[in-house]
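# Fold and contact review
Residue strings, one per chain:
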Amino acid sequence: DGGITQSPKYLFRKEGQNVTLSCEQNLNHDAMYWYRQDPGQGLRLIYYSQIVNDFQKGDIAEGYSVSREKKESFPLTVTSAQKNPTAFYLCASSTLTSGYNEQFFGPGTRLTVL
Amino acid sequence: RKEVEQDPGPFNVPEGATVAFNCTYSNSASQSFFWYRQDCRKEPKLLMSVYSSGNEDGRFTAQLNRASQYISLLIRDSKLSDSATYLCVVKDYGGATNKLIFGTGTLLAVQP
């Protein structure tokens, strides 16, 4: 089955620790995205990548880092510099076609800072 | 002003009712429009795209009014399984990326 996988589903972190969230897709999509969702807020873009070894900051990149060493993989690291990391993190992928192309989402990772 | 604005609800409706959601967007240059559905504690999934001429998919009808920068979603004959949050999404064409802007969502609860 083609799709996007994220792991872990739930993650607990102590303050001051860095954690890395995994995102893998086998849809052969060029573009991948990381979003954060907080209660009562829409999804906000953290980082995106349109090609291997290249990525751009989204609207709320501070305190986060990414890499894109393989087309299939786009891991997100939440660093200790992120002030309020507790949130629902969603990874998505899409083709690069302009217009009406769908973004497919993974099941998400719920990060809680203790 | 938010880029994409929706009434957060909740909309509590009985089974079989017709319900309409509205959404406004601020960027007149926006080119593509979507409704996504998000179940509780799950990921968003595309419900339908919204085309200029309006489009229908079964019980769901989407309309776009570019002049008023307004998008709507109509659900007829509501089912219990329609209970979810409906996200209005606008695609902006800026720079090198096609960026999706998400509304905060409208919560629908269909009651038996």
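Right above here is the structure, for reference.
First, a word on what this report is: a plain description of the structure on this page. The shown structure was predicted, so the numbers you read here are calculated from the model rather than taken from an experiment.

About the criteria used
Residues numbered from 1 in each chain as written. Chains lettered and ligands numbered in written order. Predicted model: local features only at pLDDT ≥ 70, side-chain atom pairs only at ≥ 80, totals over all residues. Heavy atoms only, no water. Patch = residues over 30% accessible without salt bridge, like charges linked within 9 Å, V, L, I, M, F, W, Y side chains within 5 Å. Areas by Shrake-Rupley, 256 points an atom, 1.4 Å probe, with all protein chains shown as cover. Salt bridge = Lys/Arg side-chain N within 4 Å of Asp/Glu carboxyl O. Lys, Arg positive; Asp, Glu negative; His and termini not counted. Charge placed at Lys NZ, Arg CZ, Asp CG, Glu CD. Helix = DSSP H or I, 4+ residues; strand = E, 2+ residues; numbered from the N terminus. Buried < 20%, exposed > 50% of the residue type's maximum accessible area, 1.4 Å probe, protein only. Pairing = 2+ DSSP bridges. Axes fitted to C-alpha atoms, helices over the stretch in contact; angles between N-to-C directions. Phe/Tyr/Trp six-rings, centres within 6.5 Å; stacked < 30°, edge-to-face > 60°.

### Here's the deal with a positive patch on the surface
A grouping of Lys9 of chain A together with Arg41, Lys42 and Lys45 of chain B is seen on the molecular surface, where their side chains present a positively charged patch. Mapping Lys42 of chain B onto the fold places it in the loop between β4 (32-38) and β5 (44-50). What makes Lys42 of chain B partly exposed here is its relative accessible area of 44%.

### Comments concerning the sheet that holds strand β6 (residues 55-57) of chain B
Residue and element names in this part refer to chain B. Pairing in this open sheet of 5 strands is antiparallel, and the strands run β1-β3-β8-β7-β6 from one edge to the other. Here the strands that pair on one side only, and so sit at the sheet edges, are β1 (4-6) and β6. On average, each strand axis in the sheet is inclined to that of its neighbour by 20°, with strand direction left out of account. Pairing geometry for strand β7 (residues 60-65) and strand β8 (residues 70-75), over 6 bridges, is antiparallel. Each bridged residue has a counterpart across the sheet, and for Asn65 the counterpart in β8 is Tyr70.

### Here we look at the packing of aromatic side chains
A full pass over the atoms with the stated rule returns 12 aromatic pairs over all chains. With a centroid separation of 5.9 Å and an interplanar angle of 65°, the aromatic rings of Tyr64 of chain A and Tyr89 of chain A are classed as edge-to-face. With Tyr64 of chain A in strand β7 (residues 64-66) and Tyr89 of chain A in strand β9 (residues 87-94), this pair connects stretches of sequence that are 25 residues apart. The pair formed by Tyr64 of chain A and Tyr89 of chain A is uniform in burial state, with each residue classed as buried. Here the aromatic rings of Phe105 of chain A and Phe102 of chain B are separated by 6.1 Å at their centres, their planes lie at 75°, and the arrangement is edge-to-face. Placement of the pair is Phe105 of chain A in strand β10 (residues 104-105) and Phe102 of chain B in strand β10 (residues 97-102), with the two residues belonging to separate chains.

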